[in-house]
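Single-letter residue listing:
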Amino acid sequence: MIVEVNMKFPYMKMDPLAIAERIKEKFPLEVVDVVSFRDQVSVIIKKEKIVEICRFLHDDPVLDFDHLRDLCGVDYLGKKEPRFEVIYHLYSVRHRHMIRLNAQVSESDPKIDSVTSLWAGVNWHERECFDMFGIKFKGHPDLRRILLPEDWEGYPLRKDYPLKGPEKEWSGFAEVLEKAKKYREFDWEG
Amino acid sequence: MLIDTSTIGLVEVEEGTKVLPPNLIITSIDKVVNWSRLSSIWPVTFGLACCAIEMMAAGAAHYDFDRFGIIFRGSPRQSDCVIIAGTVTKKMAPVVRRVFDQIPEPRYVVAMGSCACSGGIFRTYNTVQGCDTFLPVDVFVPGCPPRPETLMEGMILLQEKMRKEQARWSMWR
């Protein structure tokens with residue numbers, strides 16, 4: 001489908017439901033559901049073709065989603081199956097419209113393809129999502145923890161992670177406590 | 001040789017300090033050392049979170065910590081004091097401890113704000129529940145964040161504490 005963009009009015013804002021329809025048209029087997037809430041539309045999709053869907057949204061001249069506003073994870077433990085979702089907030093700077101993609105990720109196989117090839121800025125978002133939820137992004141150039149120390153155990157934003165942390169203290173902080181205990185005798189007692 | 005002080009006109013200006021006019025002062029080393037220390041507390045320029053903004057405000061012209069001799073220094077090796085201004089995360093704790101370890105004796109720690117005192121609202125996996133778990137804290141300044149006046153009160157309390165020290169200058173301490 002060839003769409004001419006009128007250069008006199010170089011942008012054409014699309015209704016988010018119409019965008020969702022376009023995605024559904026193009027990938028009928030991938031779209032699970034379309035949810036609209038307060039004029040914001042979420043397209044719930046399967047994770048297998050996430051890069052193809054994102055590439056379509058990125059390259060199509062009418063959609064032209066050149067900006068990925070945010071990427072985050074959600075844990076629906078005990079509320080939904082599959083357990084995780086990776087959420088992409090897309091925005092078109094040219095057309096000034098946006099859409100949300102929710103990619104379903106299961107607990108048994110917490111992996112999804114990385115979209116760093118389309119938006120380089122998503123690099124750190126994916127690292128954060130990996131850091132907090134343990135979702136692995138295949139094809140990511142440098143998938144390390146971004147906020148927590150690299151030898152941290154567990155993924156804190158998962159709902160089954162204890163709020164006050166696990167019983168076993170992180171080794172780096174345990175070392176500091178040990179050091180403080182050792183040096184306590186040199187403190188001034190007054 | 002003991003001097004008979006009743007005959008030479010010594011004036012006791014305060015407890016433990018006598019003045020022989022015009023320019024001789026007799027006092028204890030404790031008093032002199034403590035007075036000079038508390039009049040020139042140099043904290044490290046070290047902020048961790050939003051409390052650091054209040055700390056900067058306290059140091060700037062309006063509240064003017066310079067008048068107490070409190071001048072922020074860029075290096076812990078030239079400082080006497082560290083103000084833990086903000087949330088101490090577990091990842092940051094080794095760094096905070098290292099900054100403290102680099103300060104030469106005598107050194108003091110002021111825990112500024114709820115987070116540094118007790119962890120504050122962050123009773124979570126990544127926050128140290130009070131920096132007194134790994135530092136010898138001298139003064140706790142509560143507040144979220146404490147106003148510059150509160151920090152000033154804390155520093156004056158620290159000065160009072162330093163004034164009462166005995167023989168911290170001595171090698172047999």
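Residues numbered from 1 in each chain as written. Chains lettered and ligands numbered in written order. Predicted model: local features only at pLDDT ≥ 70, side-chain atom pairs only at ≥ 80, totals over all residues. Heavy atoms only, no water.

**Some words on the overall build of chain A**
Scanning chain A for helices and strands turns up four helices and seven strands. What you see in chain A, going N to C, is helices and strands ordered as α-β-β-α-β-β-β-β-α-β-α. Viewed in the frame of its principal axes, chain A has a C-alpha envelope of about 80 × 40 × 35 Å. Per-residue burial over chain A gives 44% buried out of 190 residues. Put simply, 51% of the contacts in chain A that link residues at least 6 apart link residues at least 24 apart. (Helix = DSSP H or I, 4+ residues; strand = E, 2+ residues; numbered from the N terminus. Buried < 20%, exposed > 50% of the residue type's maximum accessible area, 1.4 Å probe, protein only. Contact = heavy atoms within 4.5 Å.)

**A few points about the sheet that holds strand β4 (residues 84-91) of chain A**
The strands making up a sheet associate through hydrogen bonds between their backbones, and the pairing can be parallel or antiparallel. Residues and elements named next belong to chain A. Strand order across the open sheet formed by five strands is β1-β2-β5-β4-β3, with mixed pairing between neighbours. Edge positions in the sheet fall to β1 (31-37) and β3 (67-75), since each of these pairs with one other strand and no more. Averaged over all adjacent pairs, the angle separating strand axes in this sheet is 20°, with direction ignored. Bridge count for β1 against strand β2 (residues 40-46) is six bridges, and the pairing is antiparallel. In the strand pairing of β2, F37 is matched with Q40. (Pairing = 2+ DSSP bridges. Axes fitted to C-alpha atoms, helices over the stretch in contact; angles between N-to-C directions.)

**Structural notes on the nonpolar core**
One recurring pattern in soluble globular proteins is that nonpolar side chains are buried together. By size, the foremost hydrophobic cluster in this structure holds 65 residues, and its most contacted members are I50, Y88, L101 and V115 of chain A together with F134 of chain B. Of the residues forming this core, the biggest block, six residues, is contributed by helix α2 (residues 50-59) of chain A. Residues contacting I50 of chain A, with those up to four places away along its chain left out, are I45, Y88, L101, A103, I112, D113 and V115 of chain A. (Core = buried A, V, L, I, M, F, W, Y, C linked by side-chain atoms within 4.5 Å.)

**Here's the deal with the packing of aromatic side chains**
Per the stated rule, a full pass over the model turns up nine aromatic pairs over all chains. Centre to centre, the rings of W152 of chain A and W170 of chain A are 6.1 Å apart; their planes meet at 35°, and the pair counts as tilted. Linking W152 of chain A in the loop between β7 (136-138) and α4 (171-183) with W170 of chain A in the loop between β7 and α4, this pair joins segments that are 18 residues apart in sequence. Accessibility assignment for this pair places W152 of chain A and W170 of chain A in one class, buried. The interplanar angle of 80° and the centroid separation of 6.3 Å between the aromatic rings of F173 of chain A and F134 of chain B together place this pair among those described as edge-to-face. Taken together, the residues span two chains, with F173 of chain A in helix α4 and F134 of chain B in the loop between α4 (113-118) and β6 (139-141). A residue is classified by how much of its surface remains accessible, and F173 of chain A, at 4% relative accessible area, is buried. (Phe/Tyr/Trp six-rings, centres within 6.5 Å; stacked < 30°, edge-to-face > 60°.)

**Section: the interface of chain A and chain B**
In this complex, chain A contributes 24 residues to the contact, which on the side of chain B involves 19 residues. Interface area for chain A against chain B, summed over the two sides, is near 1,800 Å², with a carbon-plus-sulfur share of 66%. Where chain A meets chain B, there are two salt bridges. With a closest N to O distance of 3.2 Å, D101 of chain B and K179 of chain A form a salt bridge. Between the two partners, chain A and chain B, sit four residue pairs in polar contact (both at pLDDT 80 or more). Here the side of chain A that touches chain B gets seven residues from one element, more than from any other, and that element is α4 of chain A. (Buried area = accessible area lost by both parts, 1.4 Å probe. Salt bridge = Lys/Arg side-chain N within 4 Å of Asp/Glu carboxyl O. Polar contact = N/O pair within 3.5 Å; in protein donor to acceptor, adjacent residues only side chain to side chain.)

**So, helix α1 (residues 29-38) of chain B**
All names here are of chain B. For α1, every residue scored as buried is listed here: D30, V33, N34, R37 and L38. Buried positions in α1, seen along its axis, are confined to an arc of 120° and lie on one side of it. Looking at the buried side of α1, the elements it contacts are β5 (108-112) and α5 (148-163). (Arc of directions from axis to C-beta.)

**Describing the sheet that holds strand β1 (residues 11-14) of chain B**
Residues and elements named next belong to chain B. Read across the open sheet, the three strands follow the order β1-β2-β3; overall the sheet is antiparallel. Only two strands of the sheet have a single partner each, and these edge strands are β1 and β3 (24-26). Between one strand axis and the next, the sheet turns through 30° on average, direction left out of account. Examined bridge by bridge, β1 and strand β2 (residues 17-20) share three bridges and lie antiparallel to one another. When the sheet's bridge partners are listed, V11 is paired in β2 with V19.

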